[in-house]
Amino acid sequence: MAVAVDVSRFENVSMAPPDPILGVSEAFKADTDATKLNLGVGAYRTEDLQPYVLKVVNKAEQLMLERGENKEYLPIEGLAAFNKATAELLLGADNPVIKNGQIATVQGLSGTGSLRLGAAFIARYFPGVKVLISSPTWGNHKNILSDAGVPWSEYRYFDPQTVGLDFKGMIEDIKAAPNGSVILLHGCAHNPTGIDPTPEQWEAIADVLEEKGHMPFFDVAYQGFASGSLDDDASSVRKFASRGFEMFVAQSYSKNLGLYAERIGAINVILPTADLAARVKSQLKRLARPMYSNPPVHGARIVANVVGDSVLFDEWRAEMQMMAGRIKGVRQKLYEALLSKDKSGKDWSFILKQIGMFSFTGLTKSQSDNMTDKWHVYMTKDGRISLAGLNLAKCDYLADAIIDSYYNVK
Ligand SMILES: Cc1ncc(COP(=O)(O)O)c(C=O)c1O
């Protein structure tokens, strides 16, 4: 007999709003206009605007297939060869932190899952400690912290006047936070603004964190992808590590190895002693076990194979430079198109100064709506465009859309 449900117990479940970033891709798919352009999600596309699987990933997969690797469960902390490779990639293999065993590394479910594990650790061991995040930041930071039960507030980061870094505001807000707060910093290629502190500014940020007893929590989602150099893009993290900070660092291989759907990344905690690192690692494992038990193996093996083989590693670096170079190329072309079409003399050079996948255009929500509704250009409503989804052929069209939206919509 069928159960008669008069009133469902789920009746008070309301419809959740679409995700501000991933919802853009859904709307893009539903648009039938031929000119449509998806600049919403931060995923690399070829000049033909197609998804790209790195050749070096295919090679690593081929090797894995030939070796006939099994699908047994990984340990809770993940694949040992991956954990070693990822920490070395972050800090440099000869870094004393690694040599002395002062780092607890646990494989995570890409950047998001690694941040979530770090947040769960903060909730358990530093209850009530506030995490400060930049305003603006990658939208999911707020969800991750809130769902982990970690209080957060924002520090100023973006100056709409200069479309640059509000360094003074940033320092003031970090100084004003209670001593011992956690400060979430983007290691490189800040999302969504594409604006990073200079080396001198990083030094000054480290000074304030030290003075206030704050702890850095680096989110490194774009190592190698910002400048094309793995070492340069890790320089902020390495600077803080060399100054002796205890800190969290989340890593992702979604962008730099194009392993978006493999969900491969890591959470690292850098500590003053090897003993503390062992204890922290044991507790990270304790947090991971009831959440997802153990992480997936495929992406971990790809990373371990690529980083652990000098030939594949060099090929990876070349492909990363190619991807970063293509994005720099469209950035330049878009700037030139804006300059030649806009006769008002407005300074668009901020586009060239921004780095990484994104450009923060300064377009308001209603202007961004116009980009989508009139021009079929899909982007997040904070005015961010992913240049990784743009090609040279569409730069003129995009410049027309930006100029129309900027000047004709309030
Ligand atoms: C700043 C930042 N952190 C973390 C991530 C995490 O991405 P994933 O979970 O795919 O590694 C992203 C992805 O867009 C990001 O931009």
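Thresholds, definitions, all that
Per-chain numbering applies: the sequence of each chain, read as written, is numbered from 1 onward. Local features in this predicted model are restricted to residues of pLDDT 70 or higher, and side-chain atom pairs are both shown and tallied only at a pLDDT of 80 or more, whereas totals for entire chains, interfaces and linings draw on every residue. Note that water and hydrogens are dropped before the side-chain values are worked out from all heavy atoms of the structure. A helix here means a DSSP run of H or I that spans at least four residues, while a strand means a run of E at least two residues long, and both kinds are numbered starting from the N terminus. Between buried and exposed lies partly exposed: a residue is buried under 20% and exposed over 50% of the maximum accessible area for its type, with that area taken using a 1.4 Å probe on protein chains only. Any two residues whose heavy atoms approach within 4.5 Å at even a single point are treated as in contact. Note on areas: these come from Shrake-Rupley sampling with a 1.4 Å probe, and a residue is covered only by the protein chains present in the view. By the counting scheme adopted, Arg and Lys are positive, Glu and Asp are negative, and His together with the chain ends is not counted. Every charge is mapped to an atom, namely NZ of Lys, CZ of Arg, CG of Asp or CD of Glu. Just to be clear on terms, a salt bridge is a Lys or Arg side-chain nitrogen sitting within 4 Å of an Asp or Glu carboxyl oxygen. For two strands to be treated as a pair, DSSP must find at least two bridges joining them. A fitted line through C-alpha atoms represents every axis, and for helices the fit uses only the stretch in contact; the resulting angles, taken between N-to-C directions, go from 0 to 180 degrees. Multiply 1.5 Å by the residue count of a helix minus one, and that product is the helix's expected span. Grid points spaced at 1 Å and placed over the protein atoms alone form the basis of the search, with a cavity being a set where a 1.4 Å probe fits but cannot get out and a pocket an open set showing protein on both sides within 12 Å along at least five of seven lines. Lining residues have an atom within 4 Å of a point. Grid points are joined across faces, edges and corners, and a volume is the space filled by probe spheres set on the points. When residues are grouped by polarity, Ala, Val, Leu, Ile, Met, Phe, Trp, Tyr, Cys and Pro land in nonpolar, Asp, Glu, Lys and Arg in charged, and all others, Gly among them, in polar. One heavy atom within 4 Å of a molecule or strand is enough for the residue carrying it to be called near that molecule or strand. Pairs of N or O atoms are called polar contacts if they sit within 3.5 Å, as long as, within protein, a hydrogen donor faces a hydrogen acceptor (for residues adjacent in sequence, only side-chain-to-side-chain pairs). Aromatic rings from Phe, Tyr and Trp, taking only the six-membered ring of Trp, are treated as a pair when their centres fall within 6.5 Å; an angle between ring planes under 30 degrees marks them as stacked, one over 60 as edge-to-face, and anything in between as tilted. The split into domains, and so the bounds of each, comes from an automatic or database assignment of domains. The buried area of a pairing is the accessible area, by a 1.4 Å probe, that goes missing from both parts when the two are put together, added over both.

1. Overview of the overall build of the protein chain
Working step 1: Of the regular secondary structure elements, the protein chain holds 16 helices and 13 strands.
Working step 2: The buried share among the 410 residues of the protein chain stands at 54%.
Working step 3: A separation threshold of at least 6 residues defines the contact pool for the protein chain, and within that pool the share at least 24 residues apart is 74%.
Working step 4: Surface exposure of the protein chain reaches about 18500 Å², of which carbon and sulfur atoms provide 55%.
Working step 5: With 44 positive and 47 negative side-chain charges, the protein chain shows a separation of 2 Å between the mean positions of the two kinds.

2. Overview of the pattern of salt bridges
Working step 1: Inspection of every chain in the model, using the stated rule, returns 21 salt bridges.
Working step 2: With a closest N to O distance of 2.9 Å, Glu 203 and Lys 239 form a salt bridge. You can see Glu 203 sitting in helix α8 (residues 199–212) and its partner Lys 239 sitting in helix α10 (residues 235–242), a full 36 residues away along the chain.
Working step 3: The exposure class of Glu 203 is partly exposed, given its relative accessible area of 30%.
Working step 4: A salt bridge links Asp 369 to Lys 365, with the nearest nitrogen and oxygen atoms 2.9 Å apart. Here Asp 369 and its partner Lys 365 are both found in helix α15 (residues 365–373), four residues apart, which amounts to about one turn of the helix.
Working step 5: The network of salt bridges with shared partners includes Glu 203, Asp 207, Glu 210, Lys 239 and Arg 243.

3. Details of the sheet that holds strand β9 (residues 247–252)
Working step 1: Read across the sheet, seven strands follow the order β2-β10-β9-β8-β7-β3-β4 without closing on themselves; strand pairing throughout is mixed. Two strands lie at the open edges of the sheet, namely β2 (103–109) and β4 (152–156), each paired on one side alone. When the angles between neighbouring strand axes are averaged without regard to direction, this sheet yields 25°.
Working step 2: Sheet analysis places strand β3 (residues 131–135) next to β4, joined by five bridges and oriented parallel. Looking at the pairing, Ser 134 lines up with Tyr 155 of β4.
Working step 3: Contacting β2, β8 (215–220), β9 and β10 (264–270), helix α3 (residues 80–91) crosses the sheet at an angle of about 110° to β2.
Working step 4: In the packing of α8 onto the sheet, contacts are made with β7 (182–186) and β8, and the angle to β7 comes to roughly 165°.

4. Description of the environment of Tyr 52
Working step 1: Mapped onto the elements of the fold, Tyr 52 is located in the loop between β1 (37–38) and α2 (55–67).
Working step 2: Counting along the chain gives 207 residues from Tyr 52 to Leu 259, while the straight-line C-alpha distance between them is 9.9 Å.
Working step 3: Those residues in contact with Tyr 52, other than ones at most four positions away along the chain, are Tyr 44, Thr 46, Glu 319, Met 322 and Met 323.

5. Brief notes about α3
Working step 1: Taking 1.5 Å per residue as the helical rise, α3 with its 12 residues ought to reach 16 Å, and the 17 Å between its terminal C-alpha atoms agrees with that figure.
Working step 2: Among the residues trailing α3, Gly 92 stands out with phi positive, at a value near 95°.

6. What about the layout of surface pockets?
Working step 1: Of the volumes computed, that of the second largest pocket is approximately 380 Å³.
Working step 2: What lines the second largest pocket is a set of 24 residues, and nearest its centre among them are Asp 196, Ala 226, Ser 227, Asp 233 and Ile 355.
Working step 3: Mapped onto the lining of the second largest pocket, the elements with two or more residues apiece are α8, α9 (230–233), α10 and α13 (310–341).
Working step 4: The element contributing the most residues to the lining of the second largest pocket is α13, with five residues.
Working step 5: Considering only residue class, the lining of the second largest pocket consists of 10 nonpolar, eight polar and six charged.

7. Regarding the site of the ligand
Working step 1: Every residue lining the ligand is accounted for by Ser 110, Gly 111, Thr 112, Trp 138, Asn 191, Asp 219, Ala 221, Tyr 222, Ser 252, Ser 254, Lys 255 and Arg 263.
Working step 2: The side chain of Thr 112 places a nitrogen or oxygen atom 2.6 Å from an oxygen atom of the ligand.
Working step 3: With respect to the ligand, the side chain of Asp 219 contributes an N or O atom lying 2.5 Å from a nitrogen atom.
Working step 4: Per-element accounting of the shell around the ligand gives the leading share, three residues, to helix α5 (residues 110–125).
Working step 5: Of the residues contributing to the shell around the ligand, the split by class is three nonpolar, six polar and three charged.

8. Observations concerning the packing of aromatic side chains
Two measures describe an aromatic ring pair: the distance that separates the ring centres and the angle between the ring planes.
Working step 1: Under the defined criterion, the tally for this structure stands at 20 aromatic pairs.
Working step 2: Ring centres of Phe 28 and Tyr 378 lie 5.6 Å apart, and the angle between their planes is 80°; this geometry places the pair in the edge-to-face category. Taken together, the positions of Phe 28 in helix α1 (residues 22–30) and Tyr 378 in strand β12 (residues 377–378) put the pair 350 residues apart, joining distant regions of the chain. Across the pair, Tyr 378 and Phe 28 agree in class, each one buried.

9. Brief notes about the domain arrangement of the protein chain
Working step 1: Examined at the domain level, the protein chain breaks down into domain 1 (22–52 + 316–408) and domain 2 (73–308).
Working step 2: Of note, the centres of domain 1 and domain 2, computed from C-alpha atoms alone, are 27 Å apart.
Working step 3: If you look at the interface, domain 1 gives 22 residues, while domain 2 gives 26 residues.
Working step 4: Here domain 1 and domain 2 share an interface that buries about 2000 Å² over both sides, 69% of which is from carbon and sulfur atoms.
Working step 5: Inspection of the domain 1/domain 2 interface yields zero salt bridges.

10. Re the pairing of β2
Working step 1: Among the seven residues of β2, six are classified as buried, and the element is accordingly described as predominantly covered.
Working step 2: Where β2 lies against β10, seven bridges are found, and the strand directions are antiparallel. Directly across from Leu 109, in β10, lies its bridge partner Ile 264.

11. A few points about unusual backbone geometry
Working step 1: Each neighbour pair has its own omega, and for Ser 135 with Pro 136 the value is 5°, a cis peptide bond.
Working step 2: Of note, Pro 136 is situated in the loop between β3 and α6 (140–147).
Working step 3: Of note, the amide linkage connecting Asn 191 to Pro 192 takes the cis form, showing an omega dihedral of 15°.
Working step 4: Within the element layout of this structure, Pro 192 appears in the loop between β7 and α8.
Working step 5: If you check the backbone angles, Val 163 has positive phi at about 50° while not being a glycine.
Working step 6: Inspection of the secondary structure assignment puts Val 163 in the loop between β5 (158–159) and β6 (164–165).
Working step 7: One non-glycine residue, His 376, adopts positive backbone phi at about 60°.
Working step 8: Looking at the secondary structure, you find His 376 in the loop between α15 and β12.
Working step 9: Accessibility expressed as a relative area gives 17% for His 376, which makes it buried.

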